[in-house]
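In case you want the letters, here they are:
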Amino acid sequence: TPVYATKYLPHIASDTTWWTGMALVNTASEPRELTLTFNTGESAVVSLAAGQHRALSIAELFGGSRSDLRFATLTGAQDVKGFELFGSSDRLAGVPLSGVTGTSWVCPHVADSRWWTGLGVHNPQGGEVLLTLSPYGNDGGAATVVYRPVPMGDSLATNNVELGLPETVTWFTLESDGAVLPFQLQGGNELAQLGRALLQ
């Protein structure tokens, strides 16, 4: 398994409705000093002793919520495993912290009308990337391709309606002209439910 010293928090929501946090474990036999660098240019240091588990929210690092924080890069994180946690008063989801980026991905499931499906794509590159979404139905039939730009260092977070995907779509492929880290969100339209996973 490759060791990634740099990992990403691809989407941060730290406001009066949502909170974002991390659950971290240092699996090394020596301490680690992790540096979180946010889209604002601000940074924060998180210290972990050997074998230590630590759970904290982004708001804790700044003494309160910060709606201007959208994503972050975590460096010095070799041998550190963890989740990014994302929740509100009645919803909670998590995604493994990852340093894996790529240009070709599959979103294997788009929910029906009782649910919503969202797509988040973090662009850690030094320039804008263009996403190509190719949607398909259950029978493998292709629908109209959708294109979306993601600015340098930014994150796209949106649902299937805002992306312009047809109602008949059940899965799609994602191609990018630069390496990105995508994740999928799924939730209930009426129930307070939320799920989150990295694409494959």
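Residues numbered from 1 in each chain as written. Predicted model: local features only at pLDDT ≥ 70, side-chain atom pairs only at ≥ 80, totals over all residues. Heavy atoms only, no water.

Student: I would appreciate a short explanation of the sheet that holds strand 4 (residues 43-48) in the present structure.
Tutor: Sheet strands pair via backbone hydrogen bonds, and the direction of the pair is either parallel or antiparallel. Strand order in this open sheet of four strands is 1-6-3-4, and the pairing throughout is antiparallel. If you trace the sheet from one side to the other, it starts and ends with strand 1 (7-9) and strand 4, each paired once. The mean inter-strand angle of the sheet, taken between neighbouring strand axes irrespective of direction, is 25°. Where strand 1 meets strand 6 (residues 72-75), three bridges bridge the pair, whose relative direction is antiparallel. When the bridges of strand 6 are listed, Tyr-8 appears paired with Thr-73. (Pairing = 2+ DSSP bridges. Helix = DSSP H or I, 4+ residues; strand = E, 2+ residues; numbered from the N terminus. Axes fitted to C-alpha atoms, helices over the stretch in contact; angles between N-to-C directions.)

Student: Looking at this structure, I do not really get the packing of aromatic side chains. What am I missing?
Tutor: Note on aromatic pairs: each is described by the distance of the centres and the angle between the planes. One pass over the structure, following the stated rule, counts three aromatic pairs. Summarising the aromatic geometry, the rings of Phe-38 and Phe-62 are spaced 5.2 Å apart at their centres and angled 70° between planes, so their arrangement reads as edge-to-face. Remark: Phe-62 occurs in helix 1 (residues 58-62) and Phe-38 occurs in strand 3 (residues 32-38); sequence separation between them is 24 residues. Under the relative-accessibility criterion, Phe-62 is labelled partly exposed at 25%. If you follow Arg-66 out to its NZ or CZ, it ends over the ring of Phe-62, 4.9 Å from the centre. (Phe/Tyr/Trp six-rings, centres within 6.5 Å; stacked < 30°, edge-to-face > 60°. Buried < 20%, exposed > 50% of the residue type's maximum accessible area, 1.4 Å probe, protein only. Lys NZ or Arg CZ within 6 Å of the ring centre and 35° of its normal.)

Student: Help me understand unusual backbone geometry in this model?
Tutor: Across residues other than glycine, the phi torsion is negative in most instances, and most of the peptide bonds are trans. Non-glycine residue Asp-79 carries a positive phi angle of around 70°. Within the secondary structure, Asp-79 sits in the loop between strand 6 and strand 7 (80-87).

Student: I would appreciate a short explanation of the side chain of Ser-176 in the present structure.
Tutor: Here Ser-176 lies in strand 14 (residues 171-188). Classification of Ser-176 as buried rests on a relative accessible area of 11%. There is a polar contact of 2.5 Å between the side chain of Ser-176 and the backbone oxygen of Gly-178. Beyond its immediate chain neighbours, meaning those up to four positions away, Ser-176 contacts Thr-103, Val-129, Leu-130 and Leu-131. (Polar contact = N/O pair within 3.5 Å; in protein donor to acceptor, adjacent residues only side chain to side chain. Contact = heavy atoms within 4.5 Å.)

Student: Mind showing me how you'd approach the pattern of salt bridges here?
Tutor: Side chains that differ in charge, positive against negative, can pair when their charged atoms come close. In total, this model carries five salt bridges according to the counting rule given. As a salt-bridge pair, Arg-66 and Glu-42 come within 2.5 Å of each other at their nearest N and O atoms. With Arg-66 in the loop between helix 1 and strand 6 and Glu-42 in the loop between strand 3 and strand 4, this residue pair connects regions lying 24 residues apart in the sequence. (Salt bridge = Lys/Arg side-chain N within 4 Å of Asp/Glu carboxyl O.)

Student: Before we go on, may I ask you to explain the nonpolar core in this structure?
Tutor: As a rule of thumb, soluble globular proteins bury nonpolar side chains together. Counting 18 residues, the largest nonpolar core has Leu-9, Ile-12, Leu-24, Leu-34, Leu-36, Phe-38 and Leu-74 as its most contacted members. Beyond its immediate sequence surroundings of up to four residues, Ile-12 is in contact with Thr-20, Phe-38, Ile-58, Leu-69, Arg-70, Phe-71, Ala-72 and Glu-84. Formed by 17 residues, the second largest nonpolar core is a distinct cluster that contains Val-129, Val-150, Leu-163 and Leu-174. (Core = buried A, V, L, I, M, F, W, Y, C linked by side-chain atoms within 4.5 Å.)

This is a description of form; function is not addressed.
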